[in-house]
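Inside the fold
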Amino acid sequence: MKLHWKILIGMLMGVFIGLLVNESFVLPGVLGDFLGKFAFVRAFAIKVIQPLLGPVGSVFIKLLKMLIVPLILASMIVGVAKVGDVRKLGGLSGRTFAFYITTTWASVVVGLIVVNIIEPGSGAPALVSEVPEAAYSAVSVWSVILNMIPDNPIKAMANMDILPIIVFALMLGAILTTLGEKGKPLVSFFDSLNEAMMRLADVVIRLTPIGVFALLAEVVAQTGPGIFANLGKYMFTVILGLSVHAFVTLPLLLALVGRTSPRKYVSYVSPALTTAFSTASSSATLPLTLDCVSKRAGLSAKVSSFVLPLGATINMDGTALYESVAAVFIAQVYGIDLTFSQQLLVFFTATLAAIGAAGIPSAGLVTMAIVLKAVGLPLEGIGMILAVDRILDMCRTTVNVWGDTVGCAVVTKLQGEDIPASIR
Ligand code: ASP
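Residues numbered from 1 in each chain as written. Predicted model: local features only at pLDDT ≥ 70, side-chain atom pairs only at ≥ 80, totals over all residues. Heavy atoms only, no water.

**Some details on the overall build of the protein chain**
Put simply, the rule is: What counts as a helix is a DSSP run of H or I of at least four residues, what counts as a strand is a run of E of at least two, and both are numbered from the N terminus. Categorising residues by exposure relies on relative accessible area from a 1.4 Å probe, with only protein chains included: less than 20% of the type maximum marks a residue as buried, more than 50% marks it as exposed, and the intermediate range marks it as partly exposed. The criterion used for residue contact is that any of the two residues' heavy atoms lie within 4.5 Å. Here the open area of atoms and residues is found with the Shrake-Rupley method and a 1.4 Å probe, where only the protein chains shown may cover a residue. By the counting rule applied here, Lys and Arg register as positive and Asp and Glu as negative, while His and the ends of each chain are not counted. Lysine's charge is taken at NZ, arginine's at CZ, aspartate's at CG and glutamate's at CD.
A tally of regular secondary structure across the protein chain gives 18 helices and 0 strands. If one aligns the C-alpha atoms of the protein chain with their principal axes, the spans along those axes are about 75 × 55 × 40 Å. Considering the protein chain as a whole, with its 424 residues, one finds that 51% of them fall into the buried category. By sequence separation, contacts in the protein chain at least 24 residues apart represent 85% of the contacts at least 6 residues apart. Carbon and sulfur atoms make up 69% of the accessible area of the protein chain, which totals about 18700 Å². Taking the average place of the 28 positive charges on the side chains of the protein chain and the average place of its 23 negative ones, the gap between the two points comes to 11 Å.

The following block contains the structure:
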């Protein structure tokens, strides 16, 4: 059986088991009566399966995380060293950034359009709950830039600070190309490390069906149906916006500019997308994203090893869209009418907040403070949408990773490299 089918089964089983062990989930009517007769099944699931979910999900995430630092370091150094000429690197990075920024802007525009049309916040009650501590010390533009440069690369690696590792790897890779013979041993060392890490990623990818099963079951088990009552319309707006971006904008770009079939491509990268969905972390997903794009779909490793690690930290279409919808939603709830220029401010700051967000769960929720502060909205708004953040985080992270993989195909094409026949 193909891997993506196994993953789909894992996801469905996860939702099923999650609902089964969630005691606040009660089926109405005859169906409920019928299931009531099988209460022992539920009791069994709660006693035996539920305690296993957390540990199994953690093992999966830890295996992924274990690969991140060596993989980013090795793949970026080798990628840059293989490009060879620093001037060529300029072309690659120019195209990559152009893709990142246009797609991020496109997604924010979609977000602003849907939230202004649907108006999920007008008439909704302003729920009060606690704001995450980190939001008060949210990053400024300068701190985002300064944090990109590591003062100690080993410390950055130990802390898994991805952006500084990338900056270090880029510089090291570029300089190695200028060393001639002297640089070769180090390049081949990292080449070998890269191959080994990719092979390990190949092993971990086979565990995806079990990993997504456990992670999804846990989320569903902890999410009561009550959250849909107050924030249902808001969730619908975010998910609608994300869907337009994921199913219309990105596939169009992929087909027209990247000359790649969205349907074929998605079947190769689906393990990464489903992992993004269940882990809500672009960074944790990165080893699988690299594996899916370069090994499974067969795109050039030269391009993917540059585009994907960078994309996992700074190209977040889903997060940008979510931040713009959430900010306007909060304004609507508080009855604050945003002028056109304030919405323009949301547009720019949401882009910035998405770039500044790390590829970890809930990062976007915290950097949203940048947007709220800029337009003078109350930070308490963040507390209000906290309850549904996990689910929306899963959806936006999937779009973030999908945006990275699409970017990889488009940039590959723009670089004049071949798109394999199997995904054309
Ligand atoms: N969890 C997202 C990601 O890893 C970031 C966010 O919170 O929006 O891509």
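On we go.
**Observations regarding the site of the ligand**
What counts is decided by this rule: We call a residue near a molecule or strand as soon as one heavy atom of that residue lies within 4 Å of the molecule or strand. In protein, a polar contact requires one atom able to donate a hydrogen and another able to accept it; more generally it is a pair of N or O atoms within 3.5 Å, and residues adjacent in sequence count only if both atoms are side-chain atoms.
By nearness alone, 16 residues border the ligand, and S282, T319, G364, D393 and R396 come closest of all. Within the side chain of D393, a nitrogen or oxygen atom sits 2.8 Å from a nitrogen atom of the ligand. N400 places a side-chain nitrogen or oxygen 2.9 Å from an oxygen atom of the ligand. When isolated, the ligand has an accessible area of 270 Å², and the protein chains bury 100% of it. For the shell around the ligand, the elements supplying multiple residues, two or more each, are α16 (363–375) and α18 (389–414). Considering every element that reaches the shell around the ligand, the biggest residue donor is α18, with 4 residues.

**Considering the packing of helix α14 (residues 317–333) against α18**
Formally: To obtain each axis, a line is fitted to C-alpha atoms, and for helices this fit is confined to the stretch in contact; angles are then taken between N-to-C directions over 0 to 180 degrees. Each angle receives one of four descriptions, namely roughly parallel if under 35 degrees, roughly antiparallel if over 145, roughly perpendicular if within 65 to 115, and oblique otherwise. Residues are grouped as follows: nonpolar covers Ala, Val, Leu, Ile, Met, Phe, Trp, Tyr, Cys and Pro; charged covers Asp, Glu, Lys and Arg; every other residue, Gly included, is treated as polar.
It is the contact of α14 with α18, at a shortest axis distance of 6 Å, that shows an interaxial angle of 135 degrees. In terms of orientation, α14 and α18 fall into the oblique class. Judged by residue contacts, D317, G318, T319 and Y322 of α14 engage D389, L392, R396, V399, N400 and G403 from α18. Here the residues of the contact of α14 with α18 sort into 3 nonpolar, 4 polar and 3 charged.

**Here we look at the packing of aromatic side chains**
For clarity, the threshold we go by: For Phe, Tyr and Trp, where Trp contributes only its six-membered ring, two rings pair if their centres lie within 6.5 Å, and the inter-plane angle classes them as stacked under 30 degrees, edge-to-face over 60, or tilted in between.
Summed over the entire model, instances satisfying the criterion amount to 7 aromatic pairs. Measuring from ring centre to ring centre gives 5.9 Å for F97 and Y100, while their planes differ by 90 degrees; the resulting arrangement is edge-to-face. Taken together, the residues F97 and Y100, both in helix α4 (residues 86–118) and 3 residues apart, mark about one turn of the helix. The exposure class of F97 is partly exposed, given its relative accessible area of 40%.

**Comments concerning a nonpolar patch on the surface**
The condition is simple: Each patch is built from salt-bridge-free residues with over 30% relative accessible area, joining like charges within 9 Å and nonpolar side chains (Val, Leu, Ile, Met, Phe, Trp, Tyr) within 5 Å. Any Lys or Arg side-chain nitrogen located within 4 Å of an Asp or Glu carboxyl oxygen qualifies as a salt bridge.
On the surface, M1, W5, L8, I9, L12 and M13 cluster together to form a nonpolar patch covering roughly 660 Å² of accessible area. Mapping L12 onto the fold places it in helix α1 (residues 3–21).

**Considering the nonpolar core**
The line we're drawing: For the purposes of this section, nonpolar cores are sets of buried Ala, Val, Leu, Ile, Met, Phe, Trp, Tyr and Cys residues that join through side-chain atoms within 4.5 Å.
Of all hydrophobic cores here, the largest spans 118 residues; its most connected members are I72, Y234, Y265, Y322, F329, I385 and W402. Broken down by element, the residue count for this core peaks at 14 residues, all from helix α3 (residues 39–83). Formed by 9 residues, the second largest nonpolar core is a distinct cluster that contains I17, V21, A45 and A221.

**Quick word on α18**
Put simply, the rule is: Here the expected span of a helix is defined as 1.5 Å times the quantity of residues minus one.
For α18, with 26 residues, the first-to-last C-alpha span of 36 Å sits near the 38 Å given by 1.5 Å per residue. Within α18, 22 of the 26 residues are buried, which leaves it mostly tucked inside the rest of the structure. Immediately downstream of α18, the backbone of G416 shows phi near 80 degrees, a positive value.

**Concerning helix α8 (residues 184–205)**
Since the α-helix advances by 3.6 residues per turn, residues separated by three or four positions end up pointing in the same direction. Its 22 residues place the ends of α8 31 Å apart at the C-alpha level, agreeing with the 32 Å of an ideal helix rising 1.5 Å per residue. In this fold, the buried residues of α8 make contact with α1, α3, α7 (162–177), α9 (208–222), α11 (262–279) and α12 (282–296).

**Topic: the side chain of T398**
Mapped onto the fold, T398 is located in helix α18. Apart from the residues lying within four places of it in its own chain, the contact partners of T398 are L273, A276 and F277.

**A closer look at the side chain of S278**
Positionally, S278 belongs in helix α11. Residue classification places S278 among the buried positions, given a relative accessible area of 0%. Once residues within four sequence positions are removed from consideration, S278 is found in contact with V212, L215, L216 and R390.

**Topic: the pattern of salt bridges**
Using the criterion set out here, one finds 4 salt bridges in the structure. In this structure, E417 engages K302 in a salt bridge whose closest nitrogen and oxygen atoms are separated by 3.9 Å. Of this pair, E417 sits in the segment after α18 while K302 sits in helix α13 (residues 301–314), and the two are 115 residues apart along the sequence. You can call E417 partly exposed: its relative accessible area is 25%. As a salt-bridge pair, D393 and R396 come within 3.4 Å of each other at their nearest N and O atoms. One end of the pair is D393 and the other is R396, both in helix α18 and 3 residues apart, which spans about a single turn. Note on accessibility: D393 and R396 belong to one class, buried.

**Observations concerning the environment of A45**
In this fold, A45 is placed in helix α3. Accessibility expressed as a relative area gives 1% for A45, which makes it buried. A C-alpha to C-alpha distance of 45 Å links A45 and S192, two positions 147 residues apart in sequence. Contacts of A45, omitting those with residues within four sequence positions, involve L20, V21 and Q50.

**Side note on the environment of V115**
Residue position: V115 is located in helix α4. Residue V115 is classed as buried on the basis of its relative accessible area of 0%. Between the C-alpha atom of V115 and that of F348, which follows or precedes it by 233 residues, the distance is 16 Å. If sequence neighbours within four positions are ignored, V115 has contacts with P120, T237, V325, V328, F329 and Q332.

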